[in-house]
Amino acid sequence: MAEEILSQMNTLSISDDKQSSSATATISLVTADDTATATIADDTATATIADDDAATATIAEAATATISLVTADDITFTVKPAVANEMETVQSFISEADGKITTIPLPNISSHDLPYIIEYCENSVAGKITKEFEGEFVKKLNNEEVKELFLAANYLNVKKLFEFLSQEIADRIQNKSVEYVRKYFGIESDFTVEEEAKLREERAWAFTGVDPDEDEE
């Protein structure tokens, strides 16, 4: 049999597809009674498997990755990257660090306000921001909390929340008295008692038909 194989060595053929990233050499040894074919592949297949494993690991890592947000009162909240992206100020920190930063301090945000912002951003990512959701969202907030949350949304540059709270504040002071608006924003009058009385007399139309002031704890 060995002599037959040696006598047929002129049938040896090697094919190498150089255009393929995984080249394969095929050697055919023809015997008298049959043909045996051995296929020898290079290490590319192994490398491909390794690359696939690395890609799978990267995807898995991305799916479980989180960003830690540390408030001014040193409380840490963990959020998913998609939620962090809703906060453009946070996203800018991540971009400047080429994605290598996972803990971000927020010196102007309190642990009281951040959970509300996270809740809003999570619903925004999920496409669940509706009139009903926003109505329930602010129903539980008093005027002071709305103002603080408004400032926090401005600092974090959460545009949807900022615009919503801007409208909410406008709605809350609409058709209210001068005294109510001053108290709402913590503004002291620049006029003396006499000057204000004169203005009220001259522009009486501006002080009529306003809604009764609401007492808020």
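Predicted model, so just to flag it, every value in this text is computed and none were measured.

Cut-offs used in this document
Residues numbered from 1 in each chain as written. Predicted model: local features only at pLDDT ≥ 70, side-chain atom pairs only at ≥ 80, totals over all residues. Heavy atoms only, no water. Salt bridge = Lys/Arg side-chain N within 4 Å of Asp/Glu carboxyl O. Helix = DSSP H or I, 4+ residues; strand = E, 2+ residues; numbered from the N terminus. Buried < 20%, exposed > 50% of the residue type's maximum accessible area, 1.4 Å probe, protein only. Phe/Tyr/Trp six-rings, centres within 6.5 Å; stacked < 30°, edge-to-face > 60°. Lys NZ or Arg CZ within 6 Å of the ring centre and 35° of its normal. pLDDT = per-residue confidence, 0-100. Contact = heavy atoms within 4.5 Å. Arc of directions from axis to C-beta. Core = buried A, V, L, I, M, F, W, Y, C linked by side-chain atoms within 4.5 Å. Pairing = 2+ DSSP bridges.

## What about the pattern of salt bridges?
Considering all chains together, one arrives at nine salt bridges under this definition. Of the charged contacts in the structure, one is a salt bridge between glutamate 168 and arginine 172, with a shortest N-O distance of 2.7 Å. You can see glutamate 168 and its partner arginine 172 sitting in helix α8 (residues 159-173), four residues apart, about one turn around the helix. Residue classification places glutamate 168 among the buried positions, given a relative accessible area of 14%. The exposure class of arginine 172 is buried, given its relative accessible area of 16%. A salt bridge links arginine 203 to glutamate 202, with the shortest nitrogen-to-oxygen separation between them at 3.7 Å. Residue classification places arginine 203 among the partly exposed residues on the basis of a relative accessible area of 41%.

## Observations concerning the packing of aromatic side chains
What the rule picks out here adds up to eight aromatic pairs. When the centroid spacing of 5.7 Å and the interplanar angle of 35° are considered together, the rings of phenylalanine 133 and phenylalanine 137 count as tilted. Taken together, the residues span about one helical turn, with phenylalanine 133 and phenylalanine 137 both in helix α6 (residues 131-139) at a distance of four residues. Look at phenylalanine 133 and you get buried, because its relative accessible area is 15%. On the basis of relative accessibility, which here comes to 1%, the residue phenylalanine 137 falls in the buried class. Ring geometry for tyrosine 180 versus tyrosine 184: centroids 6.3 Å apart, planes at 35°, classification tilted. Here tyrosine 180 pairs with tyrosine 184, and both are found in helix α9 (residues 178-185), just four residues apart, close to one helical turn. Grouping aromatic residues by their ring pairs yields a cluster made of Tyr116, Tyr120, Phe133, Phe137 and Phe164. Against the face of tyrosine 184 rests lysine 147, its NZ or CZ located 5.0 Å from the ring centre. Geometry around tyrosine 180 places lysine 176 over its ring, the cationic atom sitting 5.2 Å from the centre.

## So, the confidence of the model for the protein
Overall, the prediction assigns the protein a mean pLDDT of 78, with 69% of residues at 70 or greater. Low confidence marks residues 2-33, where pLDDT is under 50. Its contacts with residues over four positions away, or in another chain, come to 47 contacts. Taken together, the stretch residues 44-49 has pLDDT below 50 and engages in two contacts with residues farther than four places along the chain or on a different chain.

## Remarks on helix α4 (residues 88-96)
Those residues of α4 not exposed but buried are Thr89, Val90 and Ile94. One side of α4 carries all its buried residues, which in axial view fall inside an arc of 140°. Check the buried side of α4 and you find it contacts β4 (67-70), α3 (81-84), β6 (103-105) and α7 (143-156). Looking one or two residues past α4, aspartate 98 carries a phi angle of roughly 55°, positive in sign.

## Re the nonpolar core
Counting residues in hydrophobic clusters, the biggest one holds 34 residues, and the most contacted among them are Met87 and Ile117. Considering each element in turn, this core owes the most residues, six residues, to helix α5 (residues 114-125). Once residues lying within four places of it in the same chain are set aside, the contact partners of isoleucine 117 are Met87, Leu149, Ala152, Ala153, Leu156, Val158 and Leu161.

## Remarks on the pairing of β4
Of the two faces of β4, both are covered, the one formed by Ile67 and Leu69 as well as the one formed by Ser68 and Val70. Two elements, β4 and strand β5 (residues 76-79), share four bridges in a ladder whose sense is antiparallel. Residue pairing for β5: serine 68 is matched across the bridge by threonine 78. Linking β4 to β5, which pair antiparallel, is a turn of five residues; within it aspartate 74 sits at a positive phi near 65°. As paired elements, β4 and β6 share three bridges and run parallel to each other. Within β6, the position partnered with serine 68 by the bridge is threonine 103.

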